[in-house]
Amino acid sequence: MTADADGGIGSAVREAADTVRLPASRRWHRLRSVAVVVATQAALLALLLGFWEHVTAGDKQAAFMFGSPSAIFAFLGQMARDGSLWRDTYVTGLETLLGFAVGNLFGTLIGLLLWYSRFVSRVVEPFVIALGSIPIIALAPIIIIWFGTGLVSKIAMSTLSVVIVALVTSYKGATGVDPDQINLMRTLGASKFQIFRKLIVPASLTDIFAGLKLTVGFALIGAIVGEFMSSSEGLGHAIFKAGSLYIIPKVFASLVATITLALLLTFVVGRIERLLMPWRRIQ
């Protein structure tokens, strides 16, 4: 009897210990997977840069046309020392962040609210498609006339690049909610607003955050295009000026800063997603 009891207790303790160890083992497996992916990415990047440097090292025409990694990093160092890299990155980052926030706020709100009325959504659908089909660069002259050549016009360009995508993704998420869940809440006496707040919005978060990650690039494109059209600072201005002077390595140096900015913003969006959607961490 005592042996059975001891065996039962020991078995329970072992099962509890296994349960405690399981998350740690999963974390270790995930870290190992991430390390393998990062190492592979680093190796591919090193291989690409090495091949690029080798091709341009002995060919002046190729070095002029395509630059070289060593020249690009030299320009990055020069831009960092004279402060232009930080100043231009800050300006473009501010324009991108504000346009990203404003565009996603309005686009997401409109997209979710369209769920309330299928009639209204059908009425506005062709207008949304028409606005979404306009190339953002075609709106640049009008934006400059309306908002001038300062910061506001760049934010407007960035916002317009984002708002339609945010609207479509949030509306898709809202209309994609399982109708059975909606009917269940109705049978339990939930109002339409309660269904919207407690079911539609949480269920749409996956699509909303997918749109947020997508619109980081669109917001940055809008800001860069605005700087191409009229600006005295920013990464877009630096790219345009260096391209006009045929300084290809400096163009690539500014592009590296632009890519780094986009990756940083995407990382921040991912962290916010993990904060607001903790159940996604276990996937």
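Quantities reported herein were computed from a predicted structural model and do not represent experimental measurements. (Residues numbered from 1 in each chain as written. Predicted model: local features only at pLDDT ≥ 70, side-chain atom pairs only at ≥ 80, totals over all residues. Heavy atoms only, no water.)

Draft legend 1. Representation of the overall build of the protein chain in the model. A count of helices and strands for the protein chain gives 11 helices and 0 strands. Starting at the N terminus and walking to the C terminus, you meet the elements of the protein chain as α-α-α-α-α-α-α-α-α-α-α. Counting contacts in the protein chain only where the partners sit at least 6 residues apart, residues at least 24 apart contribute 73% of the total. Total accessible area on the protein chain is roughly 17400 Å²; 72% of this is exposed by carbon and sulfur atoms. (Helix = DSSP H or I, 4+ residues; strand = E, 2+ residues; numbered from the N terminus. Contact = heavy atoms within 4.5 Å. Areas by Shrake-Rupley, 256 points an atom, 1.4 Å probe, with all protein chains shown as cover.)

Draft legend 2. Quick peek at the environment of Val128. Tracing the chain through its elements places Val128 in helix α5 (residues 118-132). With a relative accessible area of 15%, Val128 lands in the buried category. Between the C-alpha atoms of Val128 and Ile164, which are 36 residues apart in sequence, the distance is 7.0 Å. Apart from the residues lying within four places of it in its own chain, the contact partners of Val128 are Ile164, Leu167 and Val168. (Buried < 20%, exposed > 50% of the residue type's maximum accessible area, 1.4 Å probe, protein only.)

Draft legend 3. Expanded view of the packing of aromatic side chains. The tally for this structure, following the rule as stated, stands at 5 aromatic pairs. A ring pair is formed by Trp115 and Tyr116, whose centres lie 5.5 Å apart and whose planes are at 80°; its orientation type is edge-to-face. On the basis of relative accessibility, which here comes to 13%, the residue Trp115 falls in the buried class. The class for Tyr116 is partly exposed, based on a relative accessible area of 28%. For the pair Phe228 and Phe240, a centre-to-centre distance of 6.2 Å together with 45° between the ring planes defines the contact as tilted. Of the two residues, Phe228 is situated in helix α9 (residues 192-229) and Phe240 in helix α10 (residues 235-244); the sequence distance between them amounts to 12 residues. (Phe/Tyr/Trp six-rings, centres within 6.5 Å; stacked < 30°, edge-to-face > 60°.)

Draft legend 4. Region of interest: α5. In this model, α5 (15 residues) spans 20 Å end to end at C-alpha, consistent with the 21 Å of a helix rising 1.5 Å per residue. For α5, the principal kink sits at Val124 and spans about 40°; a proline, Pro126, occurs within the next four residues. (Expected span 1.5 Å × (residues − 1). Bend = angle between axes of the 7 residues up to and from the residue.)

Draft legend 5. View of the pattern of salt bridges. All chains considered together, the criterion is met by 2 salt bridges. Lys172 serves as the salt-bridge partner of Asp207, at 3.2 Å between the closest nitrogen and oxygen. In this pair, Asp207 sits in helix α9 while Lys172 sits in helix α7 (residues 151-175), placing the two residues 35 residues apart along the sequence. Lys172 sits in the exposed class, given a relative accessible area of 54%. Salt-bridge contacts for Lys213 lead to Glu273; the nearest nitrogen and oxygen are separated by 2.8 Å. Of this pair, Lys213 sits in helix α9 while Glu273 sits in helix α11 (residues 248-276), placing them 60 residues apart in sequence. The class for Lys213 is partly exposed, based on a relative accessible area of 37%. Taking relative accessible area as the criterion, Glu273 reaches 7% and is therefore assigned buried. (Salt bridge = Lys/Arg side-chain N within 4 Å of Asp/Glu carboxyl O.)

Draft legend 6. Highlighting the packing of α9 against α11. Running from N to C, α9 and α11 cross one another at 155°; their axes reach a closest spacing of 10 Å. Taken together, the axes of α9 and α11 lie roughly antiparallel to each other. Regarding α9 and α11, the two cross each other, and that crossing is right-handed. Across from Phe209, Leu212, Lys213, Val216, Leu220 and Ile224 in α9, the residues of α11 making contact are Thr258, Leu261, Ala262, Leu265, Thr266, Val269, Gly270, Ile272, Glu273 and Leu276. In terms of residue class, the contact of α9 with α11 is made up of 11 nonpolar, 3 polar and 2 charged. (Axes fitted to C-alpha atoms, helices over the stretch in contact; angles between N-to-C directions. Parallel < 35°, antiparallel > 145°, perpendicular 65-115°, else oblique. Left-handed = near helix turned anticlockwise from the far one by under 90°. Nonpolar A, V, L, I, M, F, W, Y, C, P; charged D, E, K, R; others polar.)

Draft legend 7. View of the environment of Val225. Tracing the backbone through its elements, the reader meets Val225 in helix α9. On the basis of relative accessibility, which here comes to 11%, the residue Val225 falls in the buried class. Separated by 12 residues in the primary sequence, Val225 and His237 have C-alpha atoms spaced 9.2 Å apart.

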